[in-house]
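Residue-level structural notes
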Amino acid sequence: MKKVLVLGGGFAGVEAAIYLKKQENLEVTLVSDRDYFYIYPTSIWIPTGETTEDKISVPLNQLASKHGFEVIVDAVTDLKAAQKVVTLQSGRVLDEYDYIVVALGQDKMTAEGIENTLSICGKPEEAGELKLRLDVLVAKGSGKIAMGFGGNPLDSSAVRGGPAFEVLFNVNTMLKKKGIRDNFELTFFAPMAKPGQKMGEKALVMMDKMFGMTNISKKVGSKITSFEADGINFADGTKIESDLTMFISAGKGHSVLEASDLPLSEAGFVLTNDYNEVEGFEGVYAIGDSASLMGPEWRAKQGHVAEVMAKNVAYNIFQHSQKMNSKRSYIEHLNILCVMDTGDGAAFVYRDNNGGKMIPMPIVGHWMKKGWGWYCKQSKLGNIPRIPGM
């Protein structure tokens, strides 16, 4: 029986462990630095009180019990990929595996004063802190709130823009329901001239309409120089005053991978072929945010792409273990796909090589995304069947 070690307990790592166990004669161990799987796309409702961290988390031991893989809750501190040797924070050394699947995610780019911000895509507890800070402003009855995201000039795929839009629109909806929206200044900011351009030109026009309809100000096209407790400074000499700043930093390579012997892109992501194999390192694969994403300029690191990679790698490892030369690539599955929630509706966003579209879905869109969150948790636990393609 071949042994597979999966490093990381996010979308890519968990999906890989689940689908590896669907193959025959594979013993699978997953290593994660936390003991739960966190459904990041639904964390957008934590700041507004529509959900909690517990409700959108799935204990890894439950997933392991259901699907038959082993879990080690510990942080990876060192990886020698050529030797397939992994060292954990506890000092434990894992060195008896035939295959390694790297799914450690990514680190975040830093900026001066970043400690004055919170992120919906950072550590899970930051979402709870956002709620506490927002509750204080709601109790006060007024305030200035700024939310935005940054980019990585070395890798355009390492941007998390959608959640910034979603949290901002959800806060707008919450304040309207409380009857105090007119007492708040809401501002979106980003250093690039056309944030959200990956979605396509039509989507950009619709986003501007949404900002206008919700009276949300926009500051784009100028480099962020620093964050302060009371706002954001820009290279053009302007400053946005803010009582609460949410900022989603762009991704960069994970520190453990940057210190490893793996081949990396300029941005620090693991270089693979389109089968997610690390060439020159037999039996080593990289998936999800850890991998350097191939494809067109508009490509983006998203959960559904990470899951496609995970399923493919499970298939590819099994085929390799059986000495079969059949492999699956993720390239044909590259697209941007999301339901951008606003708290009282949503917009369906899709982009591929044929262009992009953004379709408004008033009211029903919000409940569609809520339904997806329920489906994600229950299907991972095996309580309901998986829908093909999801």
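A brief report on the enclosed structure follows.

What counts as what
- Residues numbered from 1 in each chain as written.
- Predicted model: local features only at pLDDT ≥ 70, side-chain atom pairs only at ≥ 80, totals over all residues.
- Heavy atoms only, no water.
- Pairing = 2+ DSSP bridges.
- Helix = DSSP H or I, 4+ residues; strand = E, 2+ residues; numbered from the N terminus.
- Axes fitted to C-alpha atoms, helices over the stretch in contact; angles between N-to-C directions.
- Buried < 20%, exposed > 50% of the residue type's maximum accessible area, 1.4 Å probe, protein only.
- Left-handed = near helix turned anticlockwise from the far one by under 90°.
- Contact = heavy atoms within 4.5 Å.
- Nonpolar A, V, L, I, M, F, W, Y, C, P; charged D, E, K, R; others polar.
- Salt bridge = Lys/Arg side-chain N within 4 Å of Asp/Glu carboxyl O.

For the rest of this paragraph, the subject is the pairing of strand β20 (residues 336-341). Relative to strand β21 (residues 345-352), β20 runs antiparallel, the two sharing six bridges. Bridge pairing links I336 to R351 in β21. Where β20 folds back on β21, the antiparallel hairpin that results is connected by three residues, among which G343 adopts a positive phi of roughly 95°.

Attention now moves to the sheet that holds strand β14 (residues 224-228). Reading across the sheet, the three strands line up as β14-β15-β16 and stay open at both edges, with antiparallel pairing between neighbours. Where the open sheet ends on each side, the last strands, each with one partner, are β14 and β16 (239-241). Looking at each pair of strands side by side, their axes are set apart by 15° on average, direction ignored.

Buried residues dominate helix α1 (residues 11-20), accounting for 10 of its 10 residues. Among the residues making up α1, those that are buried are F11, A12, G13, V14, E15, A16, A17, I18, Y19 and L20.

Further remarks concern the packing of α1 against helix α7 (residues 303-321). Where α1 meets α7, the closest approach of the two axes is 8 Å, and the angle between their N-to-C directions is 35°. Of the two possible hands of crossing, α1 and α7 adopt the one that is right-handed. Between α1 and α7, the contacting residues are F11, A12, E15, A16, Y19 and L20 on the first element and A306, E307, A310, K311, A314 and I317 on the second. A class-by-class count of the residues in the contact of α1 with α7 yields nine nonpolar, no polar and three charged.

Taken across its eight residues, β21 has six buried, putting it largely inside the fold. Both β21 and strand β22 (residues 355-362) contribute to a ladder of eight bridges, which runs antiparallel. Its bridge partner lying in β22, G345 is registered against P362. With antiparallel pairing between neighbouring strands as the criterion, β21 and β22 make up a hairpin whose turn holds two residues.

Let us look at the pattern of salt bridges. Going through the model one piece at a time under the given rule, you end up with 18 salt bridges. Between E241 and K144 there is a salt bridge whose closest N-O contact spans 2.8 Å. With a gap of 97 residues between them, E241 in strand β16 and K144 in strand β11 (residues 143-149) connect regions that are remote in the sequence. With relative accessibility at 26%, the residue K144 sits in the partly exposed group. When salt bridges with common partners are traced through the structure, they connect E15, E307, K311, K380 and R386 into a single cluster.

Coordinates in, geometry out; function isn't part of it.
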